[in-house]
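If you want the building blocks of each chain, they are given just below.
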Amino acid sequence: MRLRPLLLIRVATNDLHHGRQSTLCLMVAVLVALLPLLLLYGLKYGIVTNLIENLNKDPRVREIRLNGDQELSKEWFHALANDDRVGFILPRARYLAASARLRGPNSRRMLDSRIIPTNENDPYLQGQPPPKGLREAVLTERAAVETGVATGEIVTMVIGRIDDGEREVRRIDLKVVGMVPRNILQTDDIFLSPELEQIVERWREGFAVPELGWPGLREESTLAAGSKETYSSFRLFAQDIRHVSYLRNRLLRDGLDIITRSSEIERTLAIESALGWVFLAVTTLSATGFLLTLGLHLAASVVEKARELSILRLLGFTTAEISLIPSIQGILIAIVGAAVSCTIALMAQPVVNKHFEGLADLEGDVSRLDLSSIGITLVASALAGGIAGSFAGLKAAKLEPTEGLRRD
């Protein structure tokens, strides 16, 4: 049995045009049912996306910190680094080895600071190149202001240790190659290469540092640079805020005391879930009403046009072709109504965003409708129209030609 789709579309279109007033009313009904859903979805998608994007942009939210020091092996770091949920991980020295003092060329006092090792793709650097080797550093903007240095200038880092009951001090001049803005970190931190951070730790443990000419109680041969098998802490960032809870639980299972901002993340995800349920409930009710309205109208149309359908059967249309005509009409009505609704919703986006500008300190558009959402809306509407028409198609398929002619 061979179907003639072009002929069926032509017959269905001509019939809709013949009853254009009724057709127009159905298209308006689709528009009225769909437009509030599109506007609601735009707000839901925009607000939730905005909240999640803002949290993802803030590296402090994705950061997972270790409370205190813990002995961590290279194998442990390697296993964690292979997890796709990890966005950045770097071993670091003991907490006590992280302290330092900074002085700029013209500053009158020393600034107590904290050493942070860094590397490529460090979320805090926001795309800036990390410091290399033993003579470069990145400062937070606050530390730069306190020491009076700018990018390209020299800052002196002063570190100390107790050696045989006597305090020793070493100074090293570092070129400032970048700054971390205040909106990212409001601390007096200095970012160094992992090599320099390890050198500071080794020197504080009493080892000599030949690279910088610093003597020690133990010679470098006792512990070769970079041969360290264990570390005391780490810098860890999740790839996405949705991965923080998983990584937190994984580290807790390893017996580590972890500090995160999970509560803030969970509040945002709870808002996403709540808005999702609201949208699902409204969509379900609207879709049910749409299917019933269009399906009942097309079913009633089949009864009213029993004579015309019977004539088509006598002219050679098969039962399958007759049953497909209401579905095609449902698809056409739904697509046109959805297309107009999407057009109005897109035109309304600037007005909605202007009205809700700055809502809850959100940045960017509060309401968002992208092309993929429009495409899904059109496809879903076409499917719904086809389903609504299929009920009428079943009724049309059961119609006998002689019965239809007798009703005239």
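Everything numeric in this text was worked out from a predicted model, so none of it was measured.

**Focus on unusual backbone geometry**
Link 1 in the chain: With a phi angle near 65°, Asn121 is a residue other than glycine that sits in the positive phi range.
Link 2 in the chain: A positive phi angle, close to 55°, is found at Gln126, a residue other than glycine.
Link 3 in the chain: Note that Gln126 resides in the loop between strand 5 (111-117) and strand 6 (136-140).

**Structural notes on the sheet that holds strand 5**
Link 1 in the chain: Read around the closed barrel, six strands run 4-5-9-6-8-7, paired in mixed fashion. The sheet shows a mean angle of 45° between the axes of neighbouring strands, taken without regard to direction.
Link 2 in the chain: Relative to strand 7 (residues 154-163), helix 6 (residues 194-204) is tilted by about 30°, and along the sheet it contacts strand 4 (99-103), strand 5, strand 7, strand 8 (166-180) and strand 9 (189-192).

**Things to note about the pattern of salt bridges**
Side-chain pairs of opposite charge can arise where the charged atoms are in close proximity.
Link 1 in the chain: Summed over all chains, the structure comprises 16 salt bridges.
Link 2 in the chain: Here Arg202 ties to Glu211 by a salt bridge, and the two come within 3.6 Å at their closest N and O atoms.
Link 3 in the chain: The exposure class assigned to Arg202 is buried, which follows from its relative accessible area of 7%.
Link 4 in the chain: Each of Asp83, Arg85 and Arg250 takes part in one network of salt bridges that share partners.

**Here's the deal with the pairing of strand 7**
Link 1 in the chain: Counted residue by residue, strand 7 has eight buried out of 10 residues, so it is predominantly covered.
Link 2 in the chain: In this structure, strand 4 lies alongside strand 7, joined through three bridges in antiparallel fashion. Directly across from Arg101, in strand 7, lies its bridge partner Val158.
Link 3 in the chain: Judged from the 10 bridges that link them, strand 7 and strand 8 form a sheet pairing that is antiparallel. The residue of strand 8 that forms the bridge with Ile162 is Arg167.

**Examining the environment of Phe237**
Link 1 in the chain: Relative to the helices and strands, Phe237 is located in strand 11 (residues 233-238).
Link 2 in the chain: Judged by relative accessible area, Phe237 falls into the buried class, the value being 0%.
Link 3 in the chain: Separated by 174 residues in sequence, Phe237 and Glu63 have C-alpha atoms that sit 4.3 Å apart.
Link 4 in the chain: Excluding its chain neighbours within four sequence positions, the residues that come into contact with Phe237 are Pro59, Arg62, Glu63, Val86, Gly87, Phe88, Pro123 and Tyr124.

**Quick look at the nonpolar core**
Where a protein is soluble and globular, its nonpolar side chains tend to be buried together.
Link 1 in the chain: Within the largest apolar cluster, 24 residues are counted, with the highest numbers of intra-cluster contacts made by Leu139, Met157, Leu174, Ile190, Leu192 and Trp214.
Link 2 in the chain: Only strand 4, strand 5, strand 6, helix 5 (141-147), strand 7, strand 8, strand 9 and helix 6 provide two or more residues apiece to this core.
Link 3 in the chain: Element by element, the count of residues in this core is highest for helix 6, at four residues.
Link 4 in the chain: Discounting residues that sit within four places of it in the chain, Met157 has contacts with Ala100, Arg101, Leu102, Ile115, Arg170, Arg171, Ile172, Leu174, Ile190, Leu192 and Val200.
Link 5 in the chain: In this structure, Ile52, Leu55, Leu80 and Tyr231 belong to the second largest nonpolar core, which totals 23 residues.

**So, the packing of aromatic side chains**
Link 1 in the chain: Throughout the structure, instances matching the rule amount to nine aromatic pairs.
Link 2 in the chain: When the centroid spacing of 5.3 Å and the interplanar angle of 50° are considered together, the rings of Tyr41 and Phe279 count as tilted. With Tyr41 in helix 2 (residues 20-57) and Phe279 in helix 8 (residues 262-304), this pair connects stretches of sequence that are 238 residues apart.
Link 3 in the chain: Judged by relative accessible area, which is 23%, Tyr41 ranks as partly exposed.
Link 4 in the chain: With a relative accessible area of 19%, Phe279 lands in the buried category.
Link 5 in the chain: A ring pair is formed by Trp203 and Trp214, whose centres lie 5.5 Å apart and whose planes are at 65°; its orientation type is edge-to-face. With Trp203 in helix 6 and Trp214 in the loop between helix 6 and strand 10 (230-231), this pair connects stretches of sequence that are 11 residues apart. Like Trp203, the residue Trp214 is buried in the burial classification.
Link 6 in the chain: Put simply, the rings of Trp76, Phe77, Tyr231 and Phe234 pair up and form one aromatic cluster.
Link 7 in the chain: One cation-aromatic arrangement involves Arg85 over Tyr246; the distance from NZ or CZ to the ring centre is 3.8 Å.

Criteria and cut-off values
Position numbers for residues count from 1 along each chain, tracking the sequence in the order it is written. Residue-level local features of this predicted model are given only where pLDDT is at least 70; pairs of side-chain atoms are given and counted only at 80 or more, and the full residue set underlies all totals for whole chains, interfaces and linings. For the side-chain quantities, the full set of heavy atoms in the structure was used; hydrogens and water were omitted. A run of H or I in DSSP becomes a helix once it reaches four residues, and a run of E becomes a strand once it reaches two; helices and strands are each numbered from the N terminus. Being paired, for any two strands, means DSSP has found at least two bridges between them. Angular values range over 0 to 180 degrees, each being the angle between N-to-C directions of two axes fitted as lines to C-alpha atoms, with helices fitted over their stretch in contact. Residue contacts are counted whenever heavy atoms from the two residues lie within 4.5 Å of one another. Any Lys or Arg side-chain nitrogen located within 4 Å of an Asp or Glu carboxyl oxygen qualifies as a salt bridge. In this scheme, a residue with accessible area under 20% of its type's maximum is buried, one over 50% is exposed, and one in between is partly exposed, where area comes from a 1.4 Å probe on protein chains only. Put simply, buried Ala, Val, Leu, Ile, Met, Phe, Trp, Tyr and Cys residues joined by side-chain atoms within 4.5 Å make one nonpolar core. Classification of ring pairs uses Phe, Tyr and Trp, with its six-membered ring standing for Trp, and accepts pairs whose centres are within 6.5 Å; under 30 degrees between planes counts as stacked, over 60 as edge-to-face, and the remaining range as tilted. In this scheme, the term charge over a ring applies when either NZ of a lysine or CZ of an arginine sits within 6 Å of the ring centre and within 35 degrees of the ring normal.

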